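In case you want the letters, here they are:
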Amino acid sequence: MNMHLNKYIKYKLTAGIKYSLAWGVAFNLFAAIAQAGENIYAEVKNQNHFASTGKEPVTVEITGYGPSGVTYVDPGDDPQKKQ
């Protein structure tokens, strides 16, 4: 997934072989923290981040409060604006 931020705090439960996430100002897969097994974590609102999976299946359950939305760091990555 491309670098983006959310307008609300989001909680995630992950279960799978490999689920990686990172924070920062640019997409950098090498900076991602790989997680295996079951994990629970929170994404802080208005903080740039991305998540990535490998070829193995991963289950992600997302819960959040407040108006939903995604703001892409690079507006060109927004699939709703591509035609």
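Treat the numbers as computed from the prediction; the structure is a model and nothing was measured.

**Some thoughts on the overall build of the protein**
Working step 1: The number of helices and strands found in the protein is 0 helices and 6 strands.
Working step 2: In sequence order, the secondary structure elements of the protein are arranged as β-β-β-β-β-β.
Working step 3: Reported as C-alpha extents along the three principal axes, the dimensions of the protein are approximately 35 × 30 × 25 Å.
Working step 4: Taking all 83 residues of the protein together, 28% fall into the buried category.
Working step 5: By sequence separation, contacts in the protein at least 24 residues apart represent 73% of the contacts at least 6 residues apart.
Working step 6: With the model as given, the accessible surface of the protein reaches about 5,700 Å², and the carbon-plus-sulfur share is 56%.
Working step 7: A distance of 5 Å separates the average location of the 8 positive side-chain charges in the protein from that of its 7 negative side-chain charges.

**Digging into the environment of Gly37**
Working step 1: Relative to the helices and strands, Gly37 resides in strand 3 (residues 33–43).
Working step 2: In sequence terms Gly37 and Lys55 are 18 residues apart; their C-alpha atoms lie 15 Å from each other.

**Observations concerning the side chain of His49**
Working step 1: With respect to the helices, strands and loops of the structure, His49 is situated in strand 4 (residues 49–53).
Working step 2: One polar contact links the side chain of His49 to the main-chain carbonyl oxygen of Gln47, over a distance of 2.8 Å.
Working step 3: In this structure, His49 is in contact with Asn2, Met3, His4, Leu5, Asn6, Ala22, Trp23 and Glu43, ignoring residues within four places of it in sequence.

**Focus on a nonpolar patch on the surface**
Working step 1: A cluster of nonpolar side chains, Ile9, Tyr11 and Tyr65, forms an exposed patch at the surface whose accessible area comes to about 350 Å².
Working step 2: As for its placement among the helices and strands, Tyr11 is situated in strand 2 (residues 10–23).

**What to know about the side chain of Asp78**
Working step 1: When you line up the elements, Asp78 lands in the segment after strand 6 (70–72).
Working step 2: Among buried Asp, Glu, Lys and Arg side chains, Asp78 stands out as unpaired, with Lys81 the closest opposite charge at 4.3 Å.
Working step 3: At 2.9 Å, the side chain of Asp78 forms a polar contact with the backbone nitrogen of Gln80.

**Focus: the confidence of the model for the protein**
Working step 1: The pLDDT averaged across the protein works out to 77; a share of 93% of its residues lies at or above 70.
Working step 2: In the model of the protein, strand 2 stands out as the element of lowest mean pLDDT, 73, in contrast to strand 6, which has the highest, 85.

Scoring rules and cut-offs
- Residues numbered from 1 in each chain as written.
- Predicted model: local features only at pLDDT ≥ 70, side-chain atom pairs only at ≥ 80, totals over all residues.
- Heavy atoms only, no water.
- Helix = DSSP H or I, 4+ residues; strand = E, 2+ residues; numbered from the N terminus.
- Buried < 20%, exposed > 50% of the residue type's maximum accessible area, 1.4 Å probe, protein only.
- Contact = heavy atoms within 4.5 Å.
- Areas by Shrake-Rupley, 256 points an atom, 1.4 Å probe, with all protein chains shown as cover.
- Lys, Arg positive; Asp, Glu negative; His and termini not counted.
- Charge placed at Lys NZ, Arg CZ, Asp CG, Glu CD.
- Polar contact = N/O pair within 3.5 Å; in protein donor to acceptor, adjacent residues only side chain to side chain.
- Patch = residues over 30% accessible without salt bridge, like charges linked within 9 Å, V, L, I, M, F, W, Y side chains within 5 Å.
- Salt bridge = Lys/Arg side-chain N within 4 Å of Asp/Glu carboxyl O.
- pLDDT = per-residue confidence, 0-100.

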